[in-house]
Amino acid sequence: MNLSAQTSKQNIFDLTLEELGINLEQAGFQKFRAKQIYHWLYTHYETNFDAMNNLPKDLKIYLNEYFTSQNISINKKEQSQDGSIKYLFATQDNLTYEAVFLKMKEDKFTLCLSSQIGCKVGCSFCLTAKGGFVRNLTAGEIVYQVVAIKKDQNLPNNKAINIVYMGMGEPLDNLANVTQCIHILSELDGLNISVRRQTISTSGIAPKIKKLGMLNLGVQLAISLHAVSDELRTQLIPINKAYNIQAIIDEIAAFPIDSRKRIMFEYLMIDGINDSLENAKKLVALLNKIKAKVNLIYFNPHEGSPYQRPQREKVEAFREFLLKKGLFCTIRESKGLDISAACGQLREREINQKGEI
Ligand code: SAH
Ligand code: SF4
């Protein structure tokens, strides 16, 4: 088969169960076949249509002709001492993106997914930003991270995992595909990952937070705040110029959330830049009226970055202050520092070694 015929095939991981059912019906097959295919893909992690042994031969021929399930591959896998594992994926057009599998306490797992290759937001501390924006990931390319890693980790279909859209890219800049992915991952007859277990992290694109709220998906929201003054936040996250801290806070106040849940504010701790108790005090005042929780993240240094990681004592003092003032606060233990787990770092290393892009 020639390459153009191959590339015109649709990635089967792009489709919701409903869409697949409609597609099959229009092609003259019974709609329930979609459930069987979903079962193979998401319960058995079987990507070879010919191995789906309860499908009729003509359906297998149809699937092979019009769909692909194998156009993404795991390129590299790195294990860190704390058990987190970083995966590098390669797309059909030979681009790479990464996901991190995190082993949390009590046999709990979290998967950190990428939503774009590169990013337009251009944060000064982020390695993903360095290479600029390449392209959005398709819904199927985002979904495949979960299927491939669950398969590789031998995790049974009914093992609950959490999903965080905190890998490469700005999920709200690729909202249509991320929304499609959320629907596919939460499908009862598929991976069945509840929307409540899925968290979108954003740099704070206010109008898109509003749009996400209007979609009322039921997902959790995390805001990468990182600063309490607009001056500093604009230095760190340039789009703060367009959507400043107050604009974000206003959108959050109107955002529909589960009454038992809180909006997470991620706060990167950068040595000598934003980690003083004065900053902590301002943070308490800023989040005063919001049902918030704060997650403090150690800055993860990378080559060429102008920032440093603060001492543990400073981060702990910051946390103590917030707790004393009644603000929920956790410290994200830097998972997989030894495999450079901050977003974009495995990909960057690969590109440097291979000279790609
Ligand atoms: N674009 C979205 C989601 C992807 S980034 C966002 O910005 O929220 C996910 C998280 O990784 C963000 O909170 C981001 O600030 C953080 N991050 C980026 N570079 C980092 C670094 N070098 N060290 C630690 N965290 C980093
Ligand atoms: Fe993009 Fe998030 Fe990195 Fe900023 S921190 S450049 S928004 S991926």
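Residues numbered from 1 in each chain as written. Chains lettered and ligands numbered in written order. Predicted model: local features only at pLDDT ≥ 70, side-chain atom pairs only at ≥ 80, totals over all residues. Heavy atoms only, no water.

Structural notes on the sheet that holds strand S11 (residues 220-224)
Taken together, 10 strands build an open sheet; the order of strands is S3-S4-S5-S6-S9-S10-S11-S12-S13-S14 and the sheet is mixed. Edge positions in the sheet fall to strand S3 (73-79) and strand S14 (328-332), since each of these pairs with one other strand and no more. Going from strand to strand, the sheet's axes swing by 20° on average, the running direction of each strand aside. (Pairing = 2+ DSSP bridges. Helix = DSSP H or I, 4+ residues; strand = E, 2+ residues; numbered from the N terminus. Axes fitted to C-alpha atoms, helices over the stretch in contact; angles between N-to-C directions.)

Things to note about the domain arrangement of the protein
Entries for the protein in the domain assignment read domain 1 (10-68) and domain 2 (73-354). For domain 1 and domain 2, the distance between their C-alpha centroids amounts to 33 Å. Domain 1 puts 14 residues into the contact, and the matching count from domain 2 is 19 residues. In total, about 1400 Å² of surface goes out of reach between domain 1 and domain 2, with carbon and sulfur atoms giving 60% of it. For domain 1, the biggest contributors to the area lost against domain 2 are Phe13, Tyr42 and Tyr45; these three give 48% of the whole. In this assembly, domain 1 and domain 2 are joined by 1 salt bridge. Between lysine 35 and aspartate 189 there is a salt bridge, with its nearest N and O atoms 3.6 Å apart. Counting across the interface, domain 1 meets domain 2 through 7 residue pairs in polar contact (both at pLDDT 80 or more). Elements represented by at least two residues in the side of domain 1 that touches domain 2 include exactly helix H2 (17-26) and helix H3 (33-42). Here the side of domain 1 that touches domain 2 gets 5 residues from one element, more than from any other, and that element is H3. (Domains from an automatic or database assignment. Contact = heavy atoms within 4.5 Å. Buried area = accessible area lost by both parts, 1.4 Å probe. Salt bridge = Lys/Arg side-chain N within 4 Å of Asp/Glu carboxyl O. Polar contact = N/O pair within 3.5 Å; in protein donor to acceptor, adjacent residues only side chain to side chain.)

Some points on the site of ligand 2
As a matter of local geometry, ligand 2 sits amid Cys119, Val121, Gly122, Cys123, Phe125, Cys126, Ala129, Gly169, Glu170 and Ser203. A class-by-class count of the residues in the shell around ligand 2 yields 6 nonpolar, 3 polar and 1 charged. (Near = heavy atom within 4 Å. Nonpolar A, V, L, I, M, F, W, Y, C, P; charged D, E, K, R; others polar.)

Focus: the site of ligand 1
Surveying the vicinity of ligand 1 reveals 23 residues, the closest of which are Gly169, Ser201, Ser224, His226 and Asn300. A distance of 2.9 Å separates a nitrogen atom of ligand 1 from a polar atom in the backbone of glycine 169. At 2.8 Å from a nitrogen atom of ligand 1 is found a main-chain nitrogen or oxygen belonging to asparagine 300. Computed on the free molecule, ligand 1 has an accessible area of 530 Å², of which 94% lies beneath the protein chains in the complex. Those elements that provide at least two residues to the shell around ligand 1 are strand S10 (198-202), strand S12 (263-269) and strand S13 (292-298). (Areas by Shrake-Rupley, 256 points an atom, 1.4 Å probe, with all protein chains shown as cover.)

A few points about the nonpolar core
The biggest cluster of nonpolar side chains holds 89 residues, and the ones touching the most others in it are Ile37, Leu63, Tyr165, Phe265 and Leu322. Take this core: its biggest share by element is 7 residues, from helix H6 (residues 139-152). Three or more residues apiece are contributed to this core by two domains, here domain 1 (10-68) and domain 2 (73-354). Apart from the residues within four sequence positions on either side, phenylalanine 265 is in contact with Ile223, Leu225, Ile249, Ile252, Leu287, Ile290, Ala292, Lys293, Val294 and Asn295. In this structure, Cys119, Cys123, Phe125 and Ala129 belong to the second largest nonpolar core, which totals 15 residues. (Core = buried A, V, L, I, M, F, W, Y, C linked by side-chain atoms within 4.5 Å. Buried < 20%, exposed > 50% of the residue type's maximum accessible area, 1.4 Å probe, protein only.)

A word on the packing of aromatic side chains
Per the stated rule, a full pass over the model turns up 12 aromatic pairs. Between tyrosine 62 and tyrosine 66, the ring centres sit 5.0 Å apart and the planes meet at 45°, which makes this aromatic pair tilted. Taken together, the positions of tyrosine 62 and tyrosine 66, both in helix H4 (residues 57-66) and 4 residues apart, correspond to about one turn of that helix. Taking relative accessible area as the criterion, tyrosine 62 reaches 14% and is therefore assigned buried. Residue tyrosine 66 is classed as partly exposed on the basis of its relative accessible area of 44%. When the ring of tyrosine 62 is compared with that of phenylalanine 67, the centres are 6.3 Å apart and the planes differ by 70°; the resulting orientation is edge-to-face. In terms of burial, tyrosine 62 and phenylalanine 67 fall into one category: buried. A network of ring pairs unites the aromatic residues Phe13, Tyr38, Tyr42, Tyr87, Phe89, Tyr97 and Tyr144 as a single cluster. Its guanidinium or amino end placed over the ring of phenylalanine 133, lysine 120 lies 4.7 Å from that ring's centre, counting from NZ or CZ. Directly above the aromatic system of tyrosine 298 lies the positively charged group of arginine 309, at a separation of 4.1 Å from the ring centroid. (Phe/Tyr/Trp six-rings, centres within 6.5 Å; stacked < 30°, edge-to-face > 60°. Lys NZ or Arg CZ within 6 Å of the ring centre and 35° of its normal.)

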